[in-house]
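# Survey of secondary and tertiary structure
Now for the letters of each chain:
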Amino acid sequence: MTEFLFQIDSYIKEFESEIIEISENALVLDKTAFSYQGGGLQSDTGIIQTKSGEKYEVKHVIFRKGKVFHSIIPNPSEDLVGKTVKCSINWEPRYRQMRMHTTLHAISAILYKKYGSTVTGGNIDPEKSRVDFEIDHLRQERVQEIAEAIELIVSGSHDVSISFLEREEALKDPDLIRTKVNLIPESVKTIRIVEIEDGIDKQADGGVHVANTKEIGEFIPLKSENRGKNNKRLYFTVK
Ligand SMILES: [Zn+2]
């Protein structure tokens, strides 16, 4: 099992780790701050370097069966197992994903509170993200309303906190019930909670986030799409 440093602290840009396994072109580390692809987020990229100066580029990071695989170029040699490496994350796209991801949570809270609408999907990307939700219409005035509500959350400088709850406790929390905490596999005993404080949003979530909503910056709604009678999609970015 790889230890997920990014779930404890999303701001770790550099770290040391030990290579515990090599699988074709991928390294498994004992702990990692590289955020893997999943939960609607793209994988981080970056650099892994041995103490003797061999340098590898991290192209893609995935999670399989309790392990995080860092696909690198050039291909690693087997004798790297057991070596300590220095790792650094390509910070600019990662930080944009953190800003976009917290924005997505803020949008989901606004949609629920203003319109009783539920998010059905989403995708975070450093350049442009999207959110899908159930709502009857998404005309320009409503997009504007959502944008204004986001601006209030940004200017309110609300802390975003990370905590860990025992499963039984999480299942009793109304906010977590609403965001379907019961769908998390039963094998998961400790659940990570991401909360935009001051009562804005609270969800079970495994991804990277900013520490305060002011870091979101300027929210820019892009185009909206009709995805069926009661399903709409909004593209957005941050500046
Ligand atoms: Zn999330």
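Report on the accompanying structure.

Cut-offs and rules
Residues numbered from 1 in each chain as written. Predicted model: local features only at pLDDT ≥ 70, side-chain atom pairs only at ≥ 80, totals over all residues. Heavy atoms only, no water. Helix = DSSP H or I, 4+ residues; strand = E, 2+ residues; numbered from the N terminus. Expected span 1.5 Å × (residues − 1). Buried < 20%, exposed > 50% of the residue type's maximum accessible area, 1.4 Å probe, protein only. Salt bridge = Lys/Arg side-chain N within 4 Å of Asp/Glu carboxyl O. Donors = N, O, S within 2.8 Å, 3.2 Å for Na, K, Ca; no water. Pairing = 2+ DSSP bridges. Axes fitted to C-alpha atoms, helices over the stretch in contact; angles between N-to-C directions. Contact = heavy atoms within 4.5 Å. Polar contact = N/O pair within 3.5 Å; in protein donor to acceptor, adjacent residues only side chain to side chain. Parallel < 35°, antiparallel > 145°, perpendicular 65-115°, else oblique. Left-handed = near helix turned anticlockwise from the far one by under 90°.

This next bit is on helix 2 (residues 91-115). Its 25 residues place the ends of helix 2 35 Å apart at the C-alpha level, agreeing with the 36 Å of an ideal helix rising 1.5 Å per residue. Within helix 2, 18 of the 25 residues are buried, leaving the element largely enclosed by the surrounding structure. Immediately beyond the C-terminal end of helix 2, within one or two residues, lies Gly-116, with a positive phi of roughly 65°.

Take the pattern of salt bridges next. Under the criterion given, the structure shown has 14 salt bridges. Across the salt bridge formed by Glu-57 and Lys-59, the nearest N and O atoms sit 3.3 Å from each other. Judged by relative accessible area, which is 43%, Lys-59 ranks as partly exposed. A salt bridge links Arg-142 to Asp-136; its shortest N-O distance comes to 2.8 Å. Looking at Arg-142, the relative accessible area reads 15%, which means it is buried. Overall, Asp-136 belongs to the exposed group, its relative accessible area being 51%. Here the salt bridges share partners, and the residues they tie into one network are Arg-130, Asp-132 and Arg-233.

Coordination sphere of the zinc ion, protein contribution only: His-101 (NE2), His-105 (NE2) and Asp-205 (OD), at 2.0 to 2.1 Å. For the zinc ion, the single-chain donor residues occur in sequence as H-x3-H-x99-D. One end of the pair is His-101 and the other is His-105, both in helix 2 and four residues apart, which spans about a single turn. Overall, His-101 belongs to the buried group, its relative accessible area being 3%.

Let's shift gears to the sheet that holds strand 9 (residues 119-123). Taken in spatial order, the four strands of this open sheet run 9-10-15-14, and their pairing is antiparallel. Each end of this open sheet is capped by a strand with a single partner; those strands are strand 9 and strand 14 (219-226). Each strand of the sheet is rotated relative to its neighbour by a mean of 20°, with strand direction disregarded. Bridge count for strand 10 (residues 129-134) against strand 15 (residues 231-238) is six bridges, and the pairing is antiparallel. If you follow Val-131 over to strand 15, its bridge partner there is Leu-234. Seen against the sheet, helix 2 touches strand 9, strand 10, strand 14 and strand 15 and runs at an angle of roughly 140° to strand 15.

Here we come to the sheet that holds strand 5 (residues 46-50). One closed barrel accounts for six strands, arranged 2-3-7-6-5-8; its pairing is antiparallel. Ignoring strand direction, the axes of neighbouring strands in this sheet form an average angle of 45°. By the bridge criterion, seven bridges tie strand 6 (residues 55-64) to strand 7 (residues 67-73) in an arrangement that is antiparallel. Across the sheet, the residue bridging to Phe-63 is Val-68, located in strand 7.

Moving on to the side chain of Ser-43. Topologically, Ser-43 is positioned in the loop between strand 4 (31-32) and strand 5. Only 2.9 Å separates the side chain of Ser-43 from the backbone nitrogen of Val-61, close enough to count as a polar contact.

This paragraph deals with the packing of helix 2 against helix 3 (residues 140-155). When two helices pack together, their arrangement is given by the angle between the helix axes and by the axis-to-axis distance. In contact at an axis separation of 10 Å, helix 2 and helix 3 are set at 120° when each is read in the N-to-C sense. In terms of axis orientation, helix 2 runs oblique to helix 3. Of the two possible hands of crossing, helix 2 and helix 3 adopt the one that is right-handed. Within the contact between the two elements, helix 2 uses Thr-103, Ala-106, Ile-107, Ile-110, Leu-111, Lys-114 and Tyr-115 and helix 3 uses Arg-142, Glu-145, Ile-146, Ala-149, Ile-150 and Ile-153.

By the bridge criterion, six bridges tie strand 14 to strand 15 in an arrangement that is antiparallel. Opposite Ser-224, over in strand 15, you have Leu-234 as the bridge partner. Linking two consecutive strands that pair antiparallel, namely strand 14 and strand 15, is a turn of four residues; a positive phi of about 125° is found at Gly-228 within it.

Our next topic: the pairing of strand 12 (residues 190-196). Side chains on a regular strand alternate between the two faces of the sheet. Most of strand 12 sits out of view: five of its seven residues are buried. When strand 11 (residues 160-166) meets strand 12, the two strands line up antiparallel, connected through seven bridges. Residue pairing for strand 12: Glu-166 is matched across the bridge by Thr-190. As paired strands, strand 12 and strand 13 (residues 201-204) are joined by four bridges and run antiparallel to one another. Looking at the pairing, Val-194 lines up with Gln-203 of strand 13. Joining the antiparallel neighbours strand 12 and strand 13 is a turn of four residues, in which Asp-198 adopts a positive phi near 70°.

Interpretation in functional terms is not warranted from these geometric data alone.
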